[in-house]
Amino acid sequence: MMVCASCASPGRLRCSRCRSVGYCSKRCQEVAWRTHKVVCGRAAEFAKVVSPAIARARAKCPLPPQSDASCFVCLEGGGWHGRCACRGENGFVHVECLSRVAASSASLGAWTTCGTCHQHFVGRVGLELAVAMWRRHGDWDRVEPWCVAVVNLATRLRAHGEVEAALEALRAAYARVREAAPRSNLPWLVRDMIAECVATFDPERAVVLLETQLALKRRLFGDDDTNSAVFDAKHRLAQVLCGFPARRDEGIALMRGALDGSTELEQKKHSLAHLAARSTLARLLLLAKPGEEEEGGTDAEAEEDSRGGPRPHKGRRPPP
């Protein structure tokens, strides 16, 4: 069920042109048409681009098998496994029930994250929730929820191989937020997601985009690693630099500087972001020196062959 774009009450009517805005009555539709007519055409074009990609993504990701286990929301059988970290009966749920729970929540994160295990929904369940979120928050006049819904949908489409459609959706979202909310954090969010999409088929261009993004954030916020926007920009750039052997040292220096410059309070406040950054740094360190590991392995094998067996451990007697 959608929300009326005029009075915010539950509505069952949709705009016949873009099919993305809901109304509770024809009177509310007439009142809201003064503002909706400006974006109705673009919303219709956006739906034409996204709808075929959703159908292709659904074909690539079949429905999970239904189980006799009861849904933990409505307590009826035939639920799907949410593909989150929940185990047992808590892992089975109906997508319709999840949509109702997310719609009644004040947080937009309820559409993407399980309220029990706090892990993201993935697979077909995550895709269906992203589509339901986009259908509910399809009103272009409400920029923030619409933009978050489009970013979530683009993320799911990219995960299922629909990179071009995801990129087109993000470009439309960026044009909209630049027009309606240029001073908010939404343009930064959409630009980061565009760079991630571009990195799947053109990593060099993604590096240029992320470097520009980092330079803009440094100009606005300064080179302050305690700022979450600057820290996130450095982390995204370091992730892409993993694919460039000649620039991995630059990525290592970037992540070390970001982690060393952040305070202990910021690390506790953004613990997940810092944990992901440390994982990226560890990956860069492993990729930066593959030759030493191979060389060490060769020496160990040579010593093992010369002695006729593995070397004994220190402090232990060798096997007979």
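These numbers were taken from a predicted model, which means no experiment stands behind them.

**Some words on the nonpolar core**
Here's step 1: If you look at the biggest cluster of nonpolar residues, it comprises 45 residues, and the most contacted ones within it are Val50, Trp134, Leu153, Leu157, Leu170 and Val190.
Here's step 2: Only helix H2 (40–60), helix H4 (123–136), helix H5 (143–159), helix H6 (163–180), helix H7 (186–199), helix H8 (203–221) and helix H9 (228–241) provide two or more residues apiece to this core.
Here's step 3: It is H6 that contributes the most residues to this core, nine residues altogether.

**What about the packing of H8 against H9?**
Here's step 1: At a minimum axis separation of 9 Å, H8 and H9 run at an interaxial angle of 160°. Overall, the two elements H8 and H9 adopt an arrangement that is roughly antiparallel. Crossing of H8 against H9: the hand is left-handed. Here Pro203, Ala206, Val207, Leu210, Glu211, Leu214, Lys217, Arg218 and Phe221 of H8 lie close against H9, whose contacting residues are Ala229, Val230, Asp232, Ala233, Lys234, Arg236, Leu237, Val240 and Leu241.
Here's step 2: Among the residues forming the contact of H8 with H9, the class breakdown is twelve nonpolar, no polar and six charged.

**Re the packing of aromatic side chains**
Given two aromatic rings, one states the distance between the centres and the angle between the planes to describe the pair.
Here's step 1: Tallied over the entire structure, the rule returns two aromatic pairs.
Here's step 2: For the ring pair Phe46 and Trp134, a centre distance of 6.0 Å and an interplane angle of 65° mean the geometry is edge-to-face. Pair noted here: Phe46 is in helix H2 and Trp134 is in helix H4, with a separation of 88 residues, a long-range link.
Here's step 3: By relative accessible area, which is 4% here, Trp134 ends up buried.
Here's step 4: Linked through ring pairs, Phe46, Trp134 and Trp146 together constitute an aromatic cluster.

Scoring rules and cut-offs
- Residues numbered from 1 in each chain as written.
- Predicted model: local features only at pLDDT ≥ 70, side-chain atom pairs only at ≥ 80, totals over all residues.
- Heavy atoms only, no water.
- Core = buried A, V, L, I, M, F, W, Y, C linked by side-chain atoms within 4.5 Å.
- Buried < 20%, exposed > 50% of the residue type's maximum accessible area, 1.4 Å probe, protein only.
- Helix = DSSP H or I, 4+ residues; strand = E, 2+ residues; numbered from the N terminus.
- Axes fitted to C-alpha atoms, helices over the stretch in contact; angles between N-to-C directions.
- Parallel < 35°, antiparallel > 145°, perpendicular 65-115°, else oblique.
- Left-handed = near helix turned anticlockwise from the far one by under 90°.
- Contact = heavy atoms within 4.5 Å.
- Nonpolar A, V, L, I, M, F, W, Y, C, P; charged D, E, K, R; others polar.
- Phe/Tyr/Trp six-rings, centres within 6.5 Å; stacked < 30°, edge-to-face > 60°.

So yeah, pure geometry; function would need other evidence.
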